[in-house]
Amino acid sequence: LQLMTQDFALWLTGMGLEVPQVVWRDYLDPGIAMGFAGQLLASFGNVMANGFLILLTVIFILTEMGMFMRKIHAVANNAHLSEANMNRFIININHYMTIKGWISLATGACITLWLLILGVDYAVLWGVLAFLLNFIPNLGSIIAAVPAVLLALVQIGPGTAALAGTGYLLANIIMGNVIEPRFMGKGLDLSTLVVFLSLVFWGWTLGTVGMLLSIPLTMAVKIALESYDETRWIGVILSSGVPESSGKNLLPKAESEQKKSGA
């Protein structure tokens, strides 16, 4: 990368564009990109190390599910409503994880095949990375393309790097904007802004694992908010559209009565 940067600087000089060496040293340092790729792979090593703890947590959740439903019946004022919301949450999570898993698998397979055709080394590794990062909404597919495109640039050349980047772009456009909405539908019922903000929030609180689980965690919060009249309006704000009963007042009764008395 340093040699390619020097050749590019010489080419610019030959074209009459003199760039100070300070700019090349401070702002166009290839070591920054490689350091970013190394940190990215190291962070995923930590994720895999925590995978066993996550698996144990899931096992304990499954074993406690029956008792948890009885606890819901014991503490809730309206047990039928709470159980219906819990069933709705489980169905939505299963739907999301199943569709997202198959689409991520197809994305990783397409990326692996395309990089094999281009002759880029470690194509299977980049395909697995694309599969894992596809669970991170919006930013995952962009991050997955960085190390593979850099390797294609160093190993073969700018043309192959451009083709590799184009393959990533097409795969994510087709899978993310065409196939995924067709099968996912409106089952998530989360706005795009909420999806992005949940990615930032859960990533800040739980790290990389929180980014991978940002959508299921946000769906759980939304369903919990919709279960009570006092917080139902917050759940509506988090949704992707206006509910059918848009003319109905969703504010808590105390606030509604206060507004009426003030009017």
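The coordinates are above.
This is a predicted model, so every value here is computed, not measured. (Residues numbered from 1 in each chain as written. Predicted model: local features only at pLDDT ≥ 70, side-chain atom pairs only at ≥ 80, totals over all residues. Heavy atoms only, no water.)

Draft legend 1. Structural view of the side chain of T218. Note on placement: T218 falls in helix α11 (residues 214-226). Side chain to side chain, T218 and W202 meet in a polar contact 3.1 Å long. In contact with T218, not counting residues within four places along its chain, are L190, V194, S198 and W202. (Helix = DSSP H or I, 4+ residues; strand = E, 2+ residues; numbered from the N terminus. Polar contact = N/O pair within 3.5 Å; in protein donor to acceptor, adjacent residues only side chain to side chain. Contact = heavy atoms within 4.5 Å.)

Draft legend 2. Geometry of helix α7 (residues 140-155). Here α7 contains 16 residues, and its C-alpha end-to-end distance of 24 Å stays within 8% of the 22 Å for a straight helix at 1.5 Å per residue. At V146, α7 shows its maximal bend, which comes to roughly 25°, and the proline P147 appears one to four places after that position. For α7, every residue scored as buried is listed here: G140, A144, A145, P147, A148, L150 and A152. Looking at the residues trailing α7, positive phi occurs at G157, about 160°. (Expected span 1.5 Å × (residues − 1). Bend = angle between axes of the 7 residues up to and from the residue. Buried < 20%, exposed > 50% of the residue type's maximum accessible area, 1.4 Å probe, protein only.)

Draft legend 3. Structural detail: the packing of aromatic side chains. Applying the stated rule across the entire model yields three aromatic pairs. Measuring from ring centre to ring centre gives 5.7 Å for F131 and F135, while their planes differ by 90°; the resulting arrangement is edge-to-face. A relative accessible area of 27% places F131 in the partly exposed class. Between the aromatic rings of F201 and W204, the centroid separation amounts to 6.4 Å while the plane-to-plane angle is 55°, which identifies the pairing as tilted. One end of the pair, F201, and the other, W204, are both in helix α9 (residues 192-206), three residues apart, so they sit about a helical turn from each other. Relative accessible area serves as the criterion here: at 42%, F201 is assigned to the partly exposed category. Aromatic ring contacts, followed pair by pair, group F201, W202 and W204 into a single cluster. (Phe/Tyr/Trp six-rings, centres within 6.5 Å; stacked < 30°, edge-to-face > 60°.)

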